[in-house]
Amino acid sequence: MVSLDTNLQRRPEREIMVQEQIVARGIRDSRVLAALRDVPRHRFVPAQYQDAAYDDAPLPIGDGQTISQPYIVAYMTELLELQPADRVLEVGTGSGYQAAVASRLAQEVYTIERVESFDARVREVFHELGYTNIVCRIGDGTRGWPEAAPFEAILVTAAGRRVPQPLVEQLAVGGRLIMPVENDRGRQVIVRMTRTSEEDYAQEHFLAVAFVPLLGAFA
Ligand code: SAM
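The name given to the chain in an unreviewed UniProt entry is Protein-L-isoaspartate O-methyltransferase, with the source organism recorded as Desulfohalobium retbaense. Regarding the chain, the relevant UniProt record gives this comment under Subcellular location (unreviewed entry): "Cytoplasm". Quoted verbatim from the Catalytic activity (unreviewed entry) heading of the UniProt record, the comment on the chain is "[protein]-L-isoaspartate + S-adenosyl-L-methionine = [protein]-L-isoaspartate alpha-methyl ester + S-adenosyl-L-homocysteine".

Peer 1: Residue-level account of the overall build of the chain, with values.
Peer 2: Check the secondary structure of the chain and you find seven helices and nine strands. Here the chain has a C-alpha radius of gyration of 16 Å; the compact-globule value for 219 residues is 17 Å, and the two agree. Projected onto its principal axes, the C-alpha coordinates of the chain cover approximately 50 × 35 × 35 Å. The buried share of the chain, reckoned over its 219 residues, is 53%. Of the contacts made within the chain by residues no fewer than 6 positions apart, 56% connect residues no fewer than 24 positions apart. Accessible surface computed for the chain: about 9,900 Å², of which carbon and sulfur atoms make up 50%. Side chains of the chain carry 23 positive and 30 negative charges; the gap between the two charge centres is 2 Å.

Peer 1: Which residues make up the environment of Ser 30, and what values go with them?
Peer 2: By secondary structure assignment, the location of Ser 30 is in helix α3 (residues 30–38). For Ser 30, a relative accessible area of 54% corresponds to the exposed category.

Peer 1: Talk me through the packing of helix α2 (residues 11–22) against helix α4 (residues 70–80); I want residue IDs and the actual numbers.
Peer 2: Any two packed helices are characterised by how steeply their axes cross, that is the angle between the axes, and by the distance between the axes. In contact at an axis separation of 10 Å, α2 and α4 are set at 75 degrees when each is read in the N-to-C sense. It follows from the interaxial angle that α2 and α4 lie roughly perpendicular. The segment α2 lies against α4, with Met 17, Gln 21 and Ile 22 engaging Pro 70, Tyr 71 and Ala 74. The residue makeup of the contact of α2 with α4, split by class, is five nonpolar, one polar and no charged.

Peer 1: So, the site of the ligand: which residues are in play, and what are the values?
Peer 2: Among the 27 residues in the neighbourhood of the ligand, the closest are listed as Gly 92, Ser 95, Glu 113, Gly 141 and Leu 215. At 3.0 Å, a side-chain N or O of Glu 90 approaches a nitrogen atom of the ligand. A distance of 3.3 Å separates a nitrogen atom of the ligand from a polar backbone atom of Arg 114. For the ligand, the accessible surface in isolation is 610 Å², of which the surrounding protein chains cover 99%. Within the residue set of the shell around the ligand, elements represented by two or more residues are β2 (65–67), β3 (87–91), α5 (97–103) and β4 (108–113). For the shell around the ligand, the element with the highest residue contribution is β2, accounting for three residues. Residues belonging to the shell around the ligand are distributed by class as follows: eleven nonpolar, twelve polar and four charged.

Cut-offs and rules
- Residues numbered from 1 in each chain as written.
- Predicted model: local features only at pLDDT ≥ 70, side-chain atom pairs only at ≥ 80, totals over all residues.
- Heavy atoms only, no water.
- UniProt positions renumbered as here; feature names shortened; annotations may be inferred.
- Helix = DSSP H or I, 4+ residues; strand = E, 2+ residues; numbered from the N terminus.
- Rg over C-alpha atoms; globule rule 2.2 N^0.38 Å.
- Buried < 20%, exposed > 50% of the residue type's maximum accessible area, 1.4 Å probe, protein only.
- Contact = heavy atoms within 4.5 Å.
- Areas by Shrake-Rupley, 256 points an atom, 1.4 Å probe, with all protein chains shown as cover.
- Lys, Arg positive; Asp, Glu negative; His and termini not counted.
- Charge placed at Lys NZ, Arg CZ, Asp CG, Glu CD.
- Axes fitted to C-alpha atoms, helices over the stretch in contact; angles between N-to-C directions.
- Parallel < 35°, antiparallel > 145°, perpendicular 65-115°, else oblique.
- Nonpolar A, V, L, I, M, F, W, Y, C, P; charged D, E, K, R; others polar.
- Near = heavy atom within 4 Å.
- Polar contact = N/O pair within 3.5 Å; in protein donor to acceptor, adjacent residues only side chain to side chain.

Put into structure tokens, the structure is as follows:
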């Protein structure tokens with residue numbers, strides 16, 4: 001279970017992170033801000049980077065992968081418009097930090113990672129922090145999680161040329177999908193797809209970003 005000590009650890013640094021990196025750049029959703037204040041980001045980065053855990057930057061987590069910059073986590077979470085009863089699918093567990101933030105705002109988070117070595121560490125951190133509403137799986141996230149679908153929110157934290165078709169199909173009506181999508185010139189922008197009916201989807205384009213590539217059968 002989460003200890004009081006863990007919750008309080010480095011809280012002042014998180015408050016500065018939220019004020020200077022997140023609020024200062026226009027994130028206003030009070031639930032998102034509360035989640036960022038709550039989740040101890042330093043527990044999700046490798047030991048040698050813990051002092052940099054609250055810096056305004058992505059950090060290496062091994063295997064050429066990264067934990068995203070705190071602002072990008074906040075930005076994508078705000079765009080997801082999570083509700084307490086939502087079930088969320090994340091593709092690209094990485095450090096587990098984004099899943100942890102989403103888990104404070106939704107009913108359940110299903111998260112998939114292709115790099116096996118991340119799994120044990122992430123499960124251990126979730127357990128230590130008492131985050132019991134996150135389900136982890138190793139596999140190809142471009143296939144989604146059909147047995148648990150449909151999802152009210154889907155978050156892809158790696159960049160691809162298109163939104164994988166299985167994820168489009170696993171989005172509930174009214175659901176939102178957020179993903180960095182790369183255009184012909186190699187520029188990535190965050191795309192939000194909203195399923196407006198059984199057949200129809202709306203698409204909006206947001207911030208330019210730089211994510212590691214999405215790999216897999218439907219990437
Ligand atoms: N959400 C992560 C966090 O909070 O630390 C950051 C994710 S990192 C930017 C992108 C992750 O996507 C990497 O860990 C990478 O291995 C993973 N990835 C890439 N393609 C994938 C796929 N098809 N299925 C599952 N994970 C994938």
